[in-house]
Amino acid sequence: MFSKRLQSFRHAFNGIRSFLRSEPNGRIHFVATIVVIIAGVWFHCSLTEWAILIIVMAMVWLTEMLNTSIEKIMDHITPEQHSGVKRIKDIAAGAVLIAALAAAITGALIFVPKIV
């Protein structure tokens, strides 16, 4: 029982590692996450601010990883150009954009007052 749970964690970490190695946007999110963590420490963010930052960072990571998964599935199912597949991929990419904009606005709301 315990070994199956441990194996599921290994699979999950392998997925994250694969995402970071194969996806340029994953590496961009990784760098952005490090920058936000450093800024949070530097500006002494409160527990509430940390909770909010963690939620929006996770939201960006989750949407980007799901978007990548959707793109890979669609490319596997239909390798050639297809208008329906393009629409699905565009919608998934739009979800990432919404998450990234929400995270950027949240970061600005938290950090700009600390900077000025």
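Residues numbered from 1 in each chain as written. Predicted model: local features only at pLDDT ≥ 70, side-chain atom pairs only at ≥ 80, totals over all residues. Heavy atoms only, no water.

Here's the deal with the environment of Val 112
Convention followed: Secondary structure elements follow DSSP: runs of H or I of four or more residues count as helices, runs of E of two or more count as strands, with numbering from the N terminus.
Topologically, Val 112 is positioned in helix α4 (residues 83-115). Taking the C-alpha atoms as reference, Val 112 lies 37 Å from Phe 9; in sequence the two are 103 residues apart.

Concerning α4
In plain terms, the rule: The span expected for a helix works out to 1.5 Å for each residue beyond the first. To obtain the bend at a residue, axes are fitted to the seven residues ending there and to the seven starting there, and the angle between these axes is taken. Each residue gets one of three labels from its accessible area relative to the maximum for its type: buried under 20%, exposed over 50%, partly exposed in between, using a 1.4 Å probe on protein chains only. Residue contacts are defined here by distance: any two heavy atoms, one from each residue, within 4.5 Å place the two residues in contact.
The end-to-end C-alpha separation of α4 is 46 Å, in line with the 48 Å expected for 33 residues at 1.5 Å each. Approximately 30° is the largest bend angle found in α4, and it occurs at Leu 109, with the proline Pro 113 only one to four residues beyond. Buried within α4 are the following residues: Val 85, Ala 92, Val 96, Ala 99, Ala 103, Thr 106, Gly 107, Ile 110 and Phe 111. Here the buried face of α4 lies against α2 (24-42) and α3 (47-77).

Focus: the pattern of salt bridges
Let me state the cut-off plainly: Whenever Lys or Arg places a side-chain nitrogen within 4 Å of a carboxyl oxygen from Asp or Glu, that contact is recorded as a salt bridge.
Enumeration according to the criterion identifies 4 salt bridges in this entry. A salt bridge links Glu 23 to Lys 72, with the shortest nitrogen-to-oxygen separation between them at 3.2 Å. Placement of Glu 23 in the loop between α1 (2-22) and α2 and of Lys 72 in helix α3 is noted, with a sequence separation of 49 residues between them. Classification of Glu 23 as buried rests on a relative accessible area of 13%.

Description of unusual backbone geometry
For His 44, which is not glycine, the phi dihedral falls at a positive 50°. Positionally, His 44 belongs in the loop between α2 and α3. On the basis of relative accessibility, which here comes to 67%, the residue His 44 falls in the exposed class.

None of this, on its own, says anything about what the molecule does.
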